[in-house]
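# Descriptive structure summary
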Amino acid sequence: MKSELYDVSEKLQLRDRLRRLRKTESLRLLCRETRLSSSDFVYPIFVDHRLSEVEEIASMPGIYRHPLSGLKDEISEVVDLKIPAVLLFGLPKRKDALGSEAYSPDGIVQQSVREVKKVAPQLTVATDVCLCQYTDHGHCGVIREGRVKNDESVGLLSRIAISHAEAGADIVGPSAMMDGQVGALRRALDEGGLDETLVMSYSAKFASGFYGPFREAAESTPLWGDRRSYQMDPPNLREAIREIEMDVGEGADIVMVKPALSYLDVIREARDRVSLPLAAYNVSGEYSMIKAAVQMGWLDERRITLEVLTAIKRAGANIIITYFAKDAAKWLREVDR
Ligand code: PBG
């Protein structure tokens, strides 16, 4: 009987049939090139000095500002899910021009580090080293004549890093995008006898609209102006590589690209060029975007999230800082990927 369909098999004469590789789930598992694991993740945590009760962040459903006393439960969940590291952000009890709470030995991050180390000494604790949550003007450095001054800011950032490391932080993460911050931190740490503390540099940090929900979470929106005179111009790839190479030269242990999703090309280029561990920060806006679409019933959260995180890893990041860390770790436990 003559087929209704136009049969082209003779003309095609295919030897290679890539679909063979996708025939069954077990074949797909066998041929999978990128495997996501909970050990890829760093979970960011917000701790607020003024709180006694946990508070959900409106623009980031499922993410909370914790009081110091509530940190324990969050940490044991992270440990149970085999997530190897947390990244701590603090909201201070008061702000001033120099962000002095950021380097107070009893600041919220310093106390949080000690608390985490007490409940889970084996968990890696990273801290964000910046001034914007702590300054009354909301910029990431010292202001003089209406400008964010580089070198004075670097001095304060070094003080913050030392105080975090003294509290027991394993990794300090300078995120202010001041020139020379990595070298200054490395030197200050070494001189302070803190040579075992790692520096994870927010090397290629772009002036991105995707930080919006974070700024609400951390109350760190600048009072005037924006961060474009220190964070990178989003269209620039070659300059991102210069930033990364400069940090490598100054002694960074881990370099980072941030945000992740609109900068997968930067992640790939960085991976091909430097041999250091490479982190990518899947930032607040990238999280909120998915959460909002899921709430509308427009996207399948689990599927989309694992797809996105896998893409960040495929692009070349081997450390993924993500607000989805706990959820993704749970999902990965359920399915064999
Ligand atoms: C502090 C800092 C920011 C983020 C991480 N560290 C905010 C900013 O630079 O404005 C953003 C993280 C996120 O959006 O998830 N400088």
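The structure displayed is predicted, hence computed values, not measured ones. (Residues numbered from 1 in each chain as written. Predicted model: local features only at pLDDT ≥ 70, side-chain atom pairs only at ≥ 80, totals over all residues. Heavy atoms only, no water.)

### Overview of the packing of helix H3 (residues 71-80) against helix H12 (residues 325-334)
Running from amino to carboxyl end, H3 crosses H12 at an angle of 35°, the nearest separation of the two axes being 10 Å. The two elements H3 and H12 cross, and the hand of that crossing is left-handed. Contacts from Glu74, Glu77, Val78 and Asp80 of H3 reach H12 at Lys326, Lys330 and Arg333. Residue classes in the contact of H3 with H12 are distributed as 1 nonpolar, no polar and 6 charged. (Axes fitted to C-alpha atoms, helices over the stretch in contact; angles between N-to-C directions. Helix = DSSP H or I, 4+ residues; strand = E, 2+ residues; numbered from the N terminus. Left-handed = near helix turned anticlockwise from the far one by under 90°. Contact = heavy atoms within 4.5 Å. Nonpolar A, V, L, I, M, F, W, Y, C, P; charged D, E, K, R; others polar.)

### Looking at the site of the ligand
Taken together, 17 residues surround the ligand, and among them Lys205, Arg215, Lys258, Ser284 and Tyr323 come closest. A distance of 2.7 Å separates an oxygen atom of the ligand from a polar atom in the side chain of lysine 205. Between arginine 227 and the ligand, the recorded distance is 3.0 Å, taken from a side-chain N or O atom to an oxygen atom. Out of a free accessible area of 400 Å², the ligand has 100% covered by protein chains. Taken together, the residues that form the shell around the ligand break down as 9 nonpolar, 3 polar and 5 charged. (Near = heavy atom within 4 Å. Polar contact = N/O pair within 3.5 Å; in protein donor to acceptor, adjacent residues only side chain to side chain. Areas by Shrake-Rupley, 256 points an atom, 1.4 Å probe, with all protein chains shown as cover.)

### Here's the deal with the side chain of serine 163
As for its position among the elements, serine 163 is in helix H5 (residues 150-167). What makes serine 163 buried here is its relative accessible area of 9%. Among residues more than four places away in sequence, those in contact with serine 163 are Ala102, Tyr103 and Gln110. (Buried < 20%, exposed > 50% of the residue type's maximum accessible area, 1.4 Å probe, protein only.)

### Topic: the nonpolar core
If you look at the biggest cluster of nonpolar residues, it comprises 107 residues, and the most contacted ones within it are Phe41, Phe46, Val86, Val257, Ile267, Tyr281 and Ile312. Ranked by residues supplied to this core, first place goes to H5 with 8 residues. Setting aside anything within four residues of it in sequence, one finds valine 257 in contact with Ala204, Ile244, Tyr263, Val266, Ile267, Ala270, Leu278, Ala279, Ala280 and Tyr281. (Core = buried A, V, L, I, M, F, W, Y, C linked by side-chain atoms within 4.5 Å.)

### A word on the packing of H3 against helix H4 (residues 108-119)
One way to put it is that H3 packs onto H4 with a least axis distance of 10 Å and a crossing angle of 50°. The angle between the axes of H3 and H4 places the two elements in the oblique class. Where H3 crosses over H4, the two elements pack in a sense that is right-handed. In this structure, H3 uses Leu71, Lys72 and Ile75 to contact H4, whose residues at the interface are Ser112, Glu115, Val116 and Val119. Tallied by class, residues from the contact of H3 with H4 come to 4 nonpolar, 1 polar and 2 charged. (Parallel < 35°, antiparallel > 145°, perpendicular 65-115°, else oblique.)

### Observations concerning helix H10 (residues 284-295)
When the terminal C-alpha atoms of H10 are compared, their 16 Å separation across 12 residues agrees well with the 16 Å that a helix rising 1.5 Å per residue should span. Looking only at H10, the buried set comprises Ser284, Gly285, Glu286, Tyr287, Ser288, Ile290, Lys291 and Ala293. Each element contacted by the buried residues of H10 is listed here: helix H7 (212-218), strand E11 (278-282), helix H11 (301-315) and H12. (Expected span 1.5 Å × (residues − 1).)

### Quick look at unusual backbone geometry
Residue lysine 258 is joined to proline 259 through a cis peptide bond whose omega torsion reads -10°. Along the chain, proline 259 turns up in the loop between strand E10 (254-258) and helix H9 (264-273). For glutamine 13, which is not a glycine, the phi torsion comes out positive at approximately 40°. Looking at the element boundaries, glutamine 13 is found in the loop between helix H1 (9-12) and helix H2 (25-31). One non-glycine residue, lysine 82, adopts positive backbone phi at about 60°. Along the chain, lysine 82 turns up in the loop between H3 and strand E4 (85-91).

### With respect to the state of the cysteines
Tallying each qualifying case throughout the model produces 0 disulfides. Of the cysteine sulfurs around cysteine 140, a residue in no disulfide, the closest is that of cysteine 130, at 3.6 Å. (Disulfide = S-S within 2.5 Å.)

### Section: the packing of aromatic side chains
This structure, assessed with the given rule, holds 9 aromatic pairs. Ring centres of phenylalanine 89 and phenylalanine 214 lie 5.0 Å apart, and the angle between their planes is 75°; this geometry places the pair in the edge-to-face category. Highlighted residues: phenylalanine 89 in strand E4 and phenylalanine 214 in helix H7, separated in sequence by 125 residues. By relative accessible area, which is 2% here, phenylalanine 89 ends up buried. Judged by its relative accessible area of 12%, phenylalanine 214 is buried. (Phe/Tyr/Trp six-rings, centres within 6.5 Å; stacked < 30°, edge-to-face > 60°.)

### A look at a nonpolar patch on the surface
Among the surface-exposed residues, Tyr6, Val8, Leu12 and Leu14 lie close enough to one another that they form a single nonpolar patch of about 400 Å² accessible area. Relative to the elements of secondary structure, leucine 14 occurs in the loop between H1 and H2. (Patch = residues over 30% accessible without salt bridge, like charges linked within 9 Å, V, L, I, M, F, W, Y side chains within 5 Å. Salt bridge = Lys/Arg side-chain N within 4 Å of Asp/Glu carboxyl O.)

The analysis is restricted to geometry; functional conclusions fall outside its scope.
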